[in-house]
Amino acid sequence: MQVRRNAPLAELTTLGVGGPADRLIEVTDAAELVAAVREADEAGRPLLLLGGGSNVVAPDEGWPGDVVLVRTRGVERTGDALRVQAGEPWDDLVAHTVAERLAGMEALSGIPGATGATPVQNVGAYGQEVAQTITAVAVYDRAEKRSRVLSPAECGFAYRDSRLKREPGRFVVLDVTFALVPGELSRPVGYAELARRLGVEIGAAAPLGEVREAVLELRRGKGMVLDPSDPDSRSAGSFFTNPVVPVERAVEGCPSWPAGDGQVKLSAAWLVQSAGFGRGTRQGRVGTSSRHSLALTTEPGATAAELLAFAGRVVAEVEQQFGVTLVPEPTAVKP
Ligand SMILES: Cc1cc2nc3c(=O)[nH]c(=O)nc-3n(C[C@H](O)[C@H](O)[C@H](O)COP(=O)(O)OP(=O)(O)OC[C@H]3O[C@@H](n4cnc5c(N)ncnc54)[C@H](O)[C@@H]3O)c2cc1C
């Protein structure tokens, strides 16, 4: 276990904001991960887990305790199931499944971060989400001080949400098991823009490799693939989730999708843009991406406070103009 003092969080997060971590501990296997968490808990030091740092807004004042950097590795295959250590880079895993002709996560190509964070917000894109393939999540439960395995039902997955997110700080993901489908073809394509790009009908399948390439191309076009030379990717991806509201509160002109139980999911991108925050709206060193109004981006030297103030303005305007409350997707970390 390596421990560094006063390591700047800005260097460990894709938004590039955040002050120093008192102690930064890098762990490379599950036993070390559990030991580091137990040690912080026993000493009463605030604990922050970080994978790729692509879904957090780290505080400018830094972290007055332990930041555990999850760098555990390993993929174990049993039949068509993969048990994956939390620190495995997500997109390497997707590439691996496509090469191994295993379908189920191809539409999730190009998402940054580590596998252990994917169940936390039930990562999703282009018609797929990890809840469709996860069969088990091995965790260390800090409340019960023991390791256990959560079933998908116990994870309580929902749209960009799970019990792991709703009970923040309780569960440390050690590994995740995914059940995939063998074959050359993808799972049915469930997203109109992707189906159009592939030249297939919605609900049809396409060769796995083609789906991965099409998704990567679409994402690059929006600055949604991490790339140090692309300032639009200095973000946490979409900053707001698509709000789900009762059908009668749908907003005129706003694209929406049925969300079950008499509810609809509204396009957060449309709401942000229509409230006056179109692509490339800047305020100082922060603002909306020049290619995607839903991604908030930072310039070098920006602070978390500036970013959160800008996000607050977006929320207030959308609320005032459309009566809908946007919910941020990344975690604004607080000790
Ligand atoms: C350019 C870009 C595009 C993106 N596109 C998408 C997208 O299409 N869809 C999508 O859903 N997301 C997207 N995201 C958001 C982000 O990549 C995902 O949420 C990703 O899963 C976060 O992984 P991470 O390892 O970086 O998590 P981190 O940012 O390190 O952590 C995120 C949260 O999970 C917690 N956490 C991390 N590891 C563990 C663990 N082992 N156990 C318990 N808790 C843990 C952290 O404490 C934190 O609260 C995008 C981000 C960027 C920058």
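Everything here concerns the structure above.
Asks: What's the story with the overall build of the protein chain in this structure? I'm lost.
Replies: A tally of helices and strands in the protein chain yields eight helices and 22 strands. Computed over C-alpha atoms, the radius of gyration of the protein chain comes to 20 Å, within 12% of the 20 Å expected from 2.2 N^0.38 for 335 residues, which places it in the range of a compact globule. On the principal axes, the C-alpha backbone points of the protein chain span a range of 55 × 50 × 40 Å. Evaluated residue by residue, the protein chain yields a buried proportion of 50% over its 335 residues. Summed over all atoms, the accessible surface of the protein chain reaches about 14500 Å², with 51% contributed by carbon and sulfur.

Asks: Would you mind showing me how to read empty space enclosed by the protein here?
Replies: By rolling a water-sized probe across the atoms, one finds the places where empty space is left. As enumerated under the stated definition, the model contains one cavity of 30 Å³ or more in all. Taken as a whole, the largest cavity holds about 50 Å³ of empty space. Surrounding the largest cavity, Glu106, Ala107, Tyr126, Gln128, Ser186, Arg187, Pro188, Val189, Gly190, Leu194 and Val211 form its lining. Taken together, the residues of the lining of the largest cavity break down into six nonpolar, three polar and two charged.

Asks: Help me out: how do you make sense of the pattern of salt bridges in this one?
Replies: Opposite charge on two side chains permits pairing when their charged atoms draw close. A full pass over the atoms with the stated rule returns 27 salt bridges. Salt-bridge contacts for Arg163 lead to Glu167; the nearest nitrogen and oxygen are separated by 2.8 Å. With relative accessibility at 18%, the residue Arg163 sits in the buried group. On the basis of relative accessible area, Glu167 is assigned to the partly exposed category, the value being 26%. Through salt bridges with shared partners, a single network forms among Asp141, Glu144, Arg146, Arg148, Arg163, Glu167 and Arg170.

Asks: Could you clarify how one ought to interpret the sheet that holds strand β2 (residues 20-27) in this entry?
Replies: Strands in a sheet are paired, the pairing made by backbone hydrogen bonds, and the direction either parallel or antiparallel. Ordered in space as β1-β2-β5-β3, the four strands form an open sheet in which the pairing is mixed. With partners counted over all chains shown, the strands left at the sheet margins are β1 (2-8) and β3 (47-50), one partner each. Going across the sheet, the axis of each strand differs from the next one's by a mean of 30°, ignoring polarity. As paired strands, β2 and strand β5 (residues 63-70) are joined by six bridges and run parallel to one another. Counted as the bridge partner of Val27 is Val70 from β5. Each of β2, β3 and β5 touches helix α1 (residues 30-43); the most contacted strand, β2, lies at about 145° to it.

Asks: Would you explain the site of the ligand in this entry?
Replies: As a matter of local geometry, the ligand sits amid 31 residues, with Gly51, Gly52, Ser54, Gly124 and Arg219 nearest to it. One nitrogen or oxygen atom from the main chain of Gly124 is found 2.8 Å from a nitrogen atom belonging to the ligand. The separation between an oxygen atom of the ligand and a polar side-chain atom of Thr331 is 3.4 Å. Relative to its unbound accessible surface of 980 Å², the ligand loses 93% to contact with the protein. For the shell around the ligand, the secondary-structure elements that each account for two or more residues are β3, β9 (124-125), β13 (171-179) and β15 (235-238). Across the shell around the ligand, the residue classes break down as 16 nonpolar, twelve polar and three charged.

Asks: Looking at this model, I keep getting lost on the sheet that holds strand β18 (residues 263-266). Mind explaining?
Replies: Within the open sheet, the three strands sit side by side as β16-β18-β17. Their pairing is antiparallel. The sheet is open, and its two borders are formed by β16 (244-246) and β17 (256-258), each paired with just one other strand. In this sheet, adjacent strand axes meet at a mean angle of 35° when their direction is disregarded. Pairing between β16 and β18: three bridges, direction antiparallel. Looking at the pairing, Val244 lines up with Lys265 of β18.

Asks: Can you walk me through the environment of Glu248 in this structure?
Replies: With respect to the helices and strands, Glu248 occurs in the loop between β16 and β17. For the pair Glu248 and Gln263, spaced 15 residues apart in sequence, the C-alpha to C-alpha distance is 8.3 Å.

Asks: Got a minute to help me understand helix α6 (residues 208-221) in this structure?
Replies: Given 3.6 residues per helical turn, the α-helix brings residues three or four places apart onto the same face. Its 14 residues place the ends of α6 20 Å apart at the C-alpha level, agreeing with the 20 Å of an ideal helix rising 1.5 Å per residue. Within α6, burial applies to Leu208, Val211, Arg212, Ala214, Val215, Leu216, Leu218 and Arg219. Here the buried face of α6 lies against α2 (90-99), β8 (102-103), β9 and α5 (192-198).

Asks: Can you walk me through the layout of surface pockets in this structure?
Replies: Empty space within the second largest pocket amounts to approximately 240 Å³. Forming the boundary of the second largest pocket are Glu11, Leu12, Thr13, Thr14, Gly52, Asp91, Gly110, Ile111, Pro112, Gly113, Val225 and Leu226.

Asks: Help me out: how do you make sense of the packing of aromatic side chains in this one?
Replies: The geometry of an aromatic ring pair is captured by two quantities: the separation of the ring centres and the angle between the planes. One pass over the full model with this rule turns up five aromatic pairs. Their ring planes at 90° and their centres at 5.6 Å tell us that Phe277 and Phe310 sit as a pair that is edge-to-face. Taken together, the residues span a long stretch of sequence, with Phe277 in the loop between α7 (268-274) and β19 (282-283) and Phe310 in helix α8 (residues 304-322) at a distance of 33 residues. For the pair Phe277 and Phe310, a shared accessibility class is recorded, and that class is buried. Above the ring of Tyr159, the side-chain terminus of Lys265 is found at 3.8 Å from the ring centroid.

Criteria and cut-off values
- Residues numbered from 1 in each chain as written.
- Predicted model: local features only at pLDDT ≥ 70, side-chain atom pairs only at ≥ 80, totals over all residues.
- Heavy atoms only, no water.
- Helix = DSSP H or I, 4+ residues; strand = E, 2+ residues; numbered from the N terminus.
- Rg over C-alpha atoms; globule rule 2.2 N^0.38 Å.
- Buried < 20%, exposed > 50% of the residue type's maximum accessible area, 1.4 Å probe, protein only.
- Areas by Shrake-Rupley, 256 points an atom, 1.4 Å probe, with all protein chains shown as cover.
- 1 Å grid on protein atoms, 1.4 Å probe; cavity = no way out; pocket = protein on both sides within 12 Å on 5 of 7 lines; lining within 4 Å.
- Points joined across faces, edges and corners; volume = space filled by probe spheres on them.
- Nonpolar A, V, L, I, M, F, W, Y, C, P; charged D, E, K, R; others polar.
- Salt bridge = Lys/Arg side-chain N within 4 Å of Asp/Glu carboxyl O.
- Pairing = 2+ DSSP bridges.
- Axes fitted to C-alpha atoms, helices over the stretch in contact; angles between N-to-C directions.
- Contact = heavy atoms within 4.5 Å.
- Near = heavy atom within 4 Å.
- Polar contact = N/O pair within 3.5 Å; in protein donor to acceptor, adjacent residues only side chain to side chain.
- Expected span 1.5 Å × (residues − 1).
- Phe/Tyr/Trp six-rings, centres within 6.5 Å; stacked < 30°, edge-to-face > 60°.
- Lys NZ or Arg CZ within 6 Å of the ring centre and 35° of its normal.

Function cannot be inferred from these measures alone, as they are strictly geometric.
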